[in-house]
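# Inside the fold
Take a look at the letters that make up each chain.
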Amino acid sequence: MRLIFMGPPGAGKGTQAQVVADRFGIPAISTGDIFRANVTEGTELGVEAKRYMDAGEYVPDTVTNLMVRNRIDEEDAVKGFLLDGYPRTLAQVDELDGMINYTGHRLDAVVCLAVDADELVRRLFSRAQTEGRADDTEDVIRRRQELYLEQTQPLVEVYRKRGLLCEVDGIGEVDEVTKRILDALSNVQES
Ligand code: AMP
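The rules behind the values
Residues numbered from 1 in each chain as written. Predicted model: local features only at pLDDT ≥ 70, side-chain atom pairs only at ≥ 80, totals over all residues. Heavy atoms only, no water. Core = buried A, V, L, I, M, F, W, Y, C linked by side-chain atoms within 4.5 Å. Buried < 20%, exposed > 50% of the residue type's maximum accessible area, 1.4 Å probe, protein only. Helix = DSSP H or I, 4+ residues; strand = E, 2+ residues; numbered from the N terminus. Contact = heavy atoms within 4.5 Å. Near = heavy atom within 4 Å. Polar contact = N/O pair within 3.5 Å; in protein donor to acceptor, adjacent residues only side chain to side chain. Areas by Shrake-Rupley, 256 points an atom, 1.4 Å probe, with all protein chains shown as cover. Salt bridge = Lys/Arg side-chain N within 4 Å of Asp/Glu carboxyl O. Pairing = 2+ DSSP bridges. Lys, Arg positive; Asp, Glu negative; His and termini not counted. Expected span 1.5 Å × (residues − 1). Arc of directions from axis to C-beta.

### Section: the nonpolar core
- Met-6, Ile-72, Leu-83, Leu-96, Val-110 and Tyr-159 are the most contacted members of the largest nonpolar core, which totals 24 residues.
- Of all elements in the fold, only strand 1 (2-6), helix 4 (61-72), strand 3 (81-84), helix 5 (90-102), strand 4 (109-114) and helix 7 (138-161) reach the threshold of two or more residues within this core.
- A total of five residues in this core trace back to one element, the largest contributor, which is helix 7.
- Discounting chain neighbours no more than four positions away, the residues touching Leu-96 are Ile-4, Leu-83, Tyr-86, Pro-87 and Tyr-159.

As structure tokens, then:
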């Protein structure tokens, strides 16, 4: 399985990505998590990424694409992977197509979690209080939502046109949402 998880910041992508990836026995690859790990370790990549992340901006495509390319070349991703938070721009879509075509595989599905704007902001503020993430301040939360609408939302149409899109209601208990995603994916596998 080669899957993409999309959805605005606060839609619960990370939580669901991990559960679904475990279910399929594939790694959940979160670009946000890889960036944060690099920030913590103080690597060159982390220092570069932090400047953008703290402001709620996207890390430049060249940096992000190379990181994903290296990650999906790793042994555990040969049989499949679930990308959480990548691609986020049209240029990243092209780059990912190239990476997947090169290996002779194809994307199986793109899961997009839908959550309305008020609920998103409420969730992000609550996460800011419990996790204390540096990019969960009010201005940054707003900027990240804006950027999602501008740069990432258009990808939904790209994947819809390719017949890969599975739109799933992201409101509800974690287990309920997981079930919706797995149901949507079982339809994909059958068709
Ligand atoms: P996330 O944990 O997915 O919300 O990502 C946290 C931050 O990492 C984002 O706000 C961006 O600054 C950066 N980031 C994660 N994925 C990408 C990507 N695909 N392209 C550019 N920046 C990204």
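### Details of the site of the ligand
- As a matter of local geometry, the ligand sits amid 15 residues, with Thr-31, Arg-36, Glu-57, Arg-88 and Arg-144 nearest to it.
- A distance of 2.8 Å separates an oxygen atom of the ligand from a polar atom in the side chain of Arg-36.
- Contacts to the ligand include Arg-144, whose side-chain N or O atom sits 2.7 Å from an oxygen atom.
- Surface burial for the ligand is 96%, taken as the share of its 480 Å² of free accessible area covered by protein chains.

### Some thoughts on the pattern of salt bridges
- Taken as a whole and assessed by the stated rule, the structure comprises 16 salt bridges.
- One salt bridge connects Arg-160 with Glu-157, and the closest N-O pair in it is separated by 2.9 Å. Here Arg-160 pairs with Glu-157, and both are found in helix 7, just three residues apart, close to one helical turn.
- Residue classification places Arg-160 among the partly exposed positions, given a relative accessible area of 36%.
- A salt bridge links Arg-180 to Asp-169; the nearest nitrogen and oxygen atoms lie 3.9 Å apart. With Arg-180 in helix 8 (residues 174-190) and Asp-169 in strand 5 (residues 165-169), the pair connects residues that are eleven residues apart, well separated along the chain.
- Assessed through its relative accessible area of 26%, Arg-180 is described here as partly exposed.

### Points about the pairing of strand 4
- Among the six residues of strand 4, five are classified as buried, and the element is accordingly described as predominantly covered.
- Across four bridges, the pairing between strand 1 and strand 4 is parallel. When the sheet's bridge partners are listed, Leu-3 is paired in strand 4 with Ala-109.
- Two strands pair when backbone bridges link them, and strand 4 and strand 5 are joined in this way by five bridges, in the parallel orientation. By the bridge assignment, Leu-113 is partnered in strand 5 with Val-168.

### A closer look at the side chain of Asp-84
- When you line up the elements, Asp-84 lands in strand 3.
- As a buried residue without a salt bridge, Asp-84 has its nearest oppositely charged side chain in Lys-13, at a separation of 4.5 Å.
- Excluding its chain neighbours within four sequence positions, the residues that come into contact with Asp-84 are Phe-5, Lys-13, Gly-14, Ala-17, Ile-29, Ser-30 and Thr-31.

### Considering helix 5
- With 13 residues, helix 5 extends 19 Å from end C-alpha to end C-alpha; this agrees with the ideal 18 Å at 1.5 Å per step.
- By the burial criterion, the buried members of helix 5 are Gln-92, Val-93, Leu-96, Asp-97, Met-99 and Ile-100. Down the axis of helix 5, the buried side of the element spans an arc of 165 degrees, and every buried residue falls inside it. Pointing more than 90 degrees away from the buried face of helix 5 are the exposed residues Asp-94, Asn-101 and Tyr-102.
- On its buried face, helix 5 sits against strand 1, helix 4, strand 3 and helix 7.
- Phi turns positive one or two residues past the end of helix 5, at Gly-104, with a value near 80 degrees.

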